Amino acid sequence: MATLNSKIPDGPMKDKWTSHKSKIKLVNAANKRKYHIIVVGTGLAGASAAASLSELGYNVNVFCIQDSPRRAHSIAAQGGINAAKNYPNDGDSIMRLFYDTVKGGDFRSREANVHRLAEVSNNIIDQCVAQGVPFGREYAGYLDNRSFGGAQVSRTFYARGQTGQQLLLGAYSALMKEVGRGTVKMYPRMEMLELVVIDGVARGIVVRNSVTGEISSHAADAVVLATGGYANVFYLSTNAKACNVTAAWRAYKKGATFANPCYTQIHPTCIPVHGDYQSKLTLMSESLRNDGRVWVPKKAGDKRKPSEIPQEERDYYLERKYPSFGNLVPRDLASRNAKFVSDEGKGVGQTGMAVYLDFADSIARLGKKVIEERYGNLFDMYECITGSNGYQEPMMIYPAPHYSMGGLWVDYNLMSNLPGLFVIGEANFSDHGANRLGASALMQGLADGYFVLPYTIGDYLAGSSWGKTAVNHAAFTEAEQQVKERIQKLLNIKGKKTVAEFHRQLGRIMWNKCGMSRNEKGLKEALEEIPKVREEFSKNLALLGSGNELNQSLDNALRVSELMEFSELLVRDALYRKESCGGHFREESQTPEGEAQRDDEKFCHVGAWEYKGAGQTPTLNVEPLEFQEVHLAQRSYK
């Protein structure tokens, strides 16, 4: 069994992080240049961490699968980033942000980590303003805020609908400054395919150059994974096509435990599926629910144009069911309720799998110019994709796979149970519980990279006593050989079905049996069906070309092969957790009103799975969750 020591500091919640920083080991400034750190991923978490570690004096190697760090998936985040500055003077505080985040995650996150996140949130805004991030401002020049789901205050800072892109440009500029200084070395177009572990310690990685196919090894004193989430296991998702689980899965197979994989988020505000051969979905920012009202016809099967349906024949179901929060309920509630009304036959559009997001009332109240200033680029994007003008008729939206709350297990210092392996941002499990509140992904990524990891990684390095490990160590040679064999095995199949066909097949199983709604029967069926797809994949995959050239089909095949293995762990975790919490909705566990019903007696813990070998059932390790400040209560947004 793996040892899960969360290393949460003693003392009052409000003092834990401050006290911890004052007591952890430090690396002498002159000694920092002796250490080498690998960072995998250049999104907000990876770029901010690499820049900050370099500024402290460490030597940093950064790997990204794109041609530029600026193309990391963080640019797709639209609506904003949370912080508890209370600029609108509407009652916000660090304590309220902490409480909202724990409650929003349905009491399945680690309390100490969430409080630290709330504490450092304000520093993030100051950091980004200093970098020149063009946050929206009020007429007087002060930074503006808007509301997001799961909160009754306005705490979300934004740059129109491009917040992720603007924040990433800020982190990218800090990173490239360090590249210019020579203390960060960039490795673009490199995909991590193996983690190298020596004597139980993470000491490096094996990567493949996606342009030349070259396999190479890189050693370091610590490895940092900032590789994002795994929503592409559903095939259709809001994630970029290149997003994958490979780095985390290879770490899992080398001893890192995978925590709460069944906690996946379905975003309620996405452009609906429009064809069988669509390869991804487009997110429409949750911020639109500030001014857009969600509704469906009251009568099932009503196919009239929205302009022909009078107010009294419309069901503004979120406002009806959740009067305190209305259209700004958390994402899991908004998503499930969209599914419920669609299942009742009230869905709109050709497929009936959509609901309206209507701005008519806001335009009448505020004027079109104000709506354009707040969300203009989002309306432009919607019209480009759908051909419909959202100012003139309601947008159509429907839930889609979006974010991964589960991830590799980490302690309070963001280190996995595998010494030397740190995991930050969406790739770890720690901050969001069973449901992430909107605008908190950017907050966590930058908190980990700018303000947490730079402290905690020093504590690990200062306590390490081993010397440098050259890449000619036998463990690196063995890892490289394993990677080459995996690649050649795929190329040798010579079947007839493409990678996309297999991925789509897997995605349908996952969406239908382990998507917004899950039950024991469907989950058991998924555990029977997934191995059959994987078996066919191993015998009937069609791959052209070789491994020594630019070969995107091979890249995708490697990723999909890992997703197929990982999907079984996700389903196994969902089957084990016989409760409903946040985005994990077990149909057998709900209130008479159809709300999620937790089982705190049996499942108030983190479930961290440990790899036991090919064909073996993984072992479940449990970290109990204790709540000192926010007392367990059935979540309500009514």
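What counts and how
- Residues numbered from 1 in each chain as written.
- Predicted model: local features only at pLDDT ≥ 70, side-chain atom pairs only at ≥ 80, totals over all residues.
- Heavy atoms only, no water.
- Buried < 20%, exposed > 50% of the residue type's maximum accessible area, 1.4 Å probe, protein only.
- Helix = DSSP H or I, 4+ residues; strand = E, 2+ residues; numbered from the N terminus.
- Pairing = 2+ DSSP bridges.
- Salt bridge = Lys/Arg side-chain N within 4 Å of Asp/Glu carboxyl O.
- Axes fitted to C-alpha atoms, helices over the stretch in contact; angles between N-to-C directions.
- Parallel < 35°, antiparallel > 145°, perpendicular 65-115°, else oblique.
- Contact = heavy atoms within 4.5 Å.
- Nonpolar A, V, L, I, M, F, W, Y, C, P; charged D, E, K, R; others polar.

(A) Representation of the pairing of strand β9 (residues 222–225) within the structure. Here β9 shows two buried faces, one formed by A222 and V224 and the other by V223 and L225. Here four bridges tie strand β1 (residues 36–40) to β9, and the two strands are oriented parallel to one another. The partner of V40 across the bridge, within β9, is L225. Sheet topology places β9 next to strand β17 (residues 421–423); three bridges connect them, and they run parallel. Across the sheet, residue V223 finds its bridge partner in β17, namely L421.

(B) Spatial organisation of the pattern of salt bridges. For the coordinates displayed, the defined rule picks out 50 salt bridges. One salt bridge in this structure joins E178 and R181, with 2.6 Å as the shortest N-O distance. Here E178 and its partner R181 are both found in helix α5 (residues 163–181), three residues apart, which amounts to about one turn of the helix. For E178, a relative accessible area of 0% translates into the label buried. A salt bridge links E525 to K521; the nearest nitrogen and oxygen atoms lie 2.7 Å apart. Taken together, the residues span about one helical turn, with E525 and K521 both in helix α14 (residues 520–540) at a distance of four residues. Residue E525 is classed as partly exposed on the basis of its relative accessible area of 24%.

(C) Examining the packing of helix α1 (residues 16–23) against helix α4 (residues 111–131) more closely. In contact at an axis separation of 9 Å, α1 and α4 are set at 90 degrees when each is read in the N-to-C sense. Between α1 and α4, the angle falls in the class roughly perpendicular. Contact residues: K16, W17 and T18 in α1; A112, R116, E119 and V120 in α4. Counted by class, the contact of α1 with α4 contains three nonpolar, one polar and three charged residues.

(D) Highlighting the packing of helix α13 (residues 499–514) against α14. Running from amino to carboxyl end, α13 crosses α14 at an angle of 175 degrees, the nearest separation of the two axes being 10 Å. It follows from the interaxial angle that α13 and α14 lie roughly antiparallel. Note on element contacts: α14 touches α13 through G522, L523, E525, A526, E529, I530, V533, E536, F537 and N540, opposite F502, Q505, L506, I509, M510, K513 and C514. Among the residues making up the contact of α13 with α14, the classes are represented as ten nonpolar, three polar and four charged.

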